[in-house]
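Survey of secondary and tertiary structure
The primary structure of each chain is shown beneath.
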Amino acid sequence: MSSRHLSMTCAQSVDKLKSILEEYRQNNYITLLILSYSQEYPKRFQKDIVKVASSITSRQLNSSPVNSVSAHGIEHVLRNIGAGHKMSRSEIQSIVSEVGACPIGTEDDCVITADQMLDLISTKWAEHHHDLNQ
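Residues numbered from 1 in each chain as written. Predicted model: local features only at pLDDT ≥ 70, side-chain atom pairs only at ≥ 80, totals over all residues. Heavy atoms only, no water.

With that out of the way, let us pick up the overall build of the chain. Of the regular secondary structure elements, the chain holds 6 helices and 2 strands. Looking at the 134 residues of the chain, the share that counts as buried comes to 37%. Taking the contacts inside the chain whose residues are at least 6 apart along the sequence as the reference set, 59% of them involve residues at least 24 apart. With the model as given, the accessible surface of the chain reaches about 8000 Å², and the carbon-plus-sulfur share is 52%. (Helix = DSSP H or I, 4+ residues; strand = E, 2+ residues; numbered from the N terminus. Buried < 20%, exposed > 50% of the residue type's maximum accessible area, 1.4 Å probe, protein only. Contact = heavy atoms within 4.5 Å. Areas by Shrake-Rupley, 256 points an atom, 1.4 Å probe, with all protein chains shown as cover.)

A few words on the nonpolar core. Residues Leu17, Leu21, Ile74, Leu78, Ile95 and Met117 are the most contacted members of the largest nonpolar core, which totals 29 residues. With near-sequence residues (within four places) excluded, leucine 21 lies in contact with Phe45, Ile49, Val77, Leu78, Ile81 and Ile121. (Core = buried A, V, L, I, M, F, W, Y, C linked by side-chain atoms within 4.5 Å.)

Let us now look at the pattern of salt bridges. All told, the structure shown has 5 salt bridges when counted by the stated rule. Here arginine 25 and glutamate 22 are joined by a salt bridge, their closest N and O atoms 2.6 Å apart. Of this pair, arginine 25 and glutamate 22 both sit in helix α1 (residues 8–28), 3 residues apart, which is roughly one turn of that helix. Residue arginine 25 is classed as buried on the basis of its relative accessible area of 16%. When its relative accessible area of 28% is taken as the criterion, glutamate 22 is described as partly exposed. In this structure, glutamate 75 and arginine 79 form a salt bridge, with 4.0 Å as the shortest nitrogen-oxygen distance. Note that glutamate 75 and arginine 79 are positioned in helix α3 (residues 71–80) at a spacing of 4 residues, about one turn of the helix. Residue class for glutamate 75 comes out buried when judged on its relative accessible area of 18%. With a relative accessible area of 44%, arginine 79 lands in the partly exposed category. Overlapping salt bridges, with partners in common, bring together Glu75, Arg79 and Arg89 in one network. (Salt bridge = Lys/Arg side-chain N within 4 Å of Asp/Glu carboxyl O.)

To continue, consider the state of the cysteines. The full count for this structure, using the stated rule, is 1 disulfide. Linked covalently through their sulfurs, cysteine 102 and cysteine 110 form a disulfide whose S-S length is 1.9 Å. Taking the sign of the torsion about the S-S bond as the criterion, the disulfide between cysteine 102 and cysteine 110, at about 105°, is right-handed. Classification of cysteine 102 as partly exposed rests on a relative accessible area of 31%. (Disulfide = S-S within 2.5 Å.)

Of the residues in the chain, 73% have a pLDDT of 70 or more, and the chain-wide mean is 80. By mean pLDDT, the top-scoring element of the chain is α3 (94), and the lowest-scoring one is helix α6 (residues 123–132) (54). (pLDDT = per-residue confidence, 0-100.)

This part is about the environment of histidine 85. Mapping histidine 85 onto the fold places it in the loop between α3 and α4 (89–99). For histidine 85, a relative accessible area of 66% gives the class exposed. It is 9.7 Å that separates the C-alpha atoms of histidine 85 and glutamate 75, two residues lying 10 residues apart in sequence.

Moving on, we come to the environment of leucine 17. Note on placement: leucine 17 falls in helix α1. On the basis of relative accessible area, leucine 17 is assigned to the buried category, the value being 3%. Ignoring sequence-local partners within four residues, the contact set of leucine 17 consists of Ile74, Leu78, Met87, Ile95, Met117 and Ile121.

This is the structure in structure tokens:
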């Protein structure tokens, strides 16, 4: 992700999203029995989350896979994991509109790339954001 600074509101929303997804992963995602894969497992979970959100976005935009994620895609994922009530649409929209690209004059159709979404929910974003605030 670029070195662009995010607003405090957006950073808090990103932290909240990460926390919700991590709580779900720890409580529900099947753990691997082989210890050597333990470090790869959270990354696979994150990729699965992004893949689902991107696929919902593709359907929403009536297009072939676009490799991007909308607020609707993130909202859909949260509802599917039983966490739709834990984050408001405006919190999700603030992430997507600040990090992503929006058509001129509207924030409702903003999207972020799948790579941006993966960065946001990974430890790479947390480390980068922490370094910027030091």
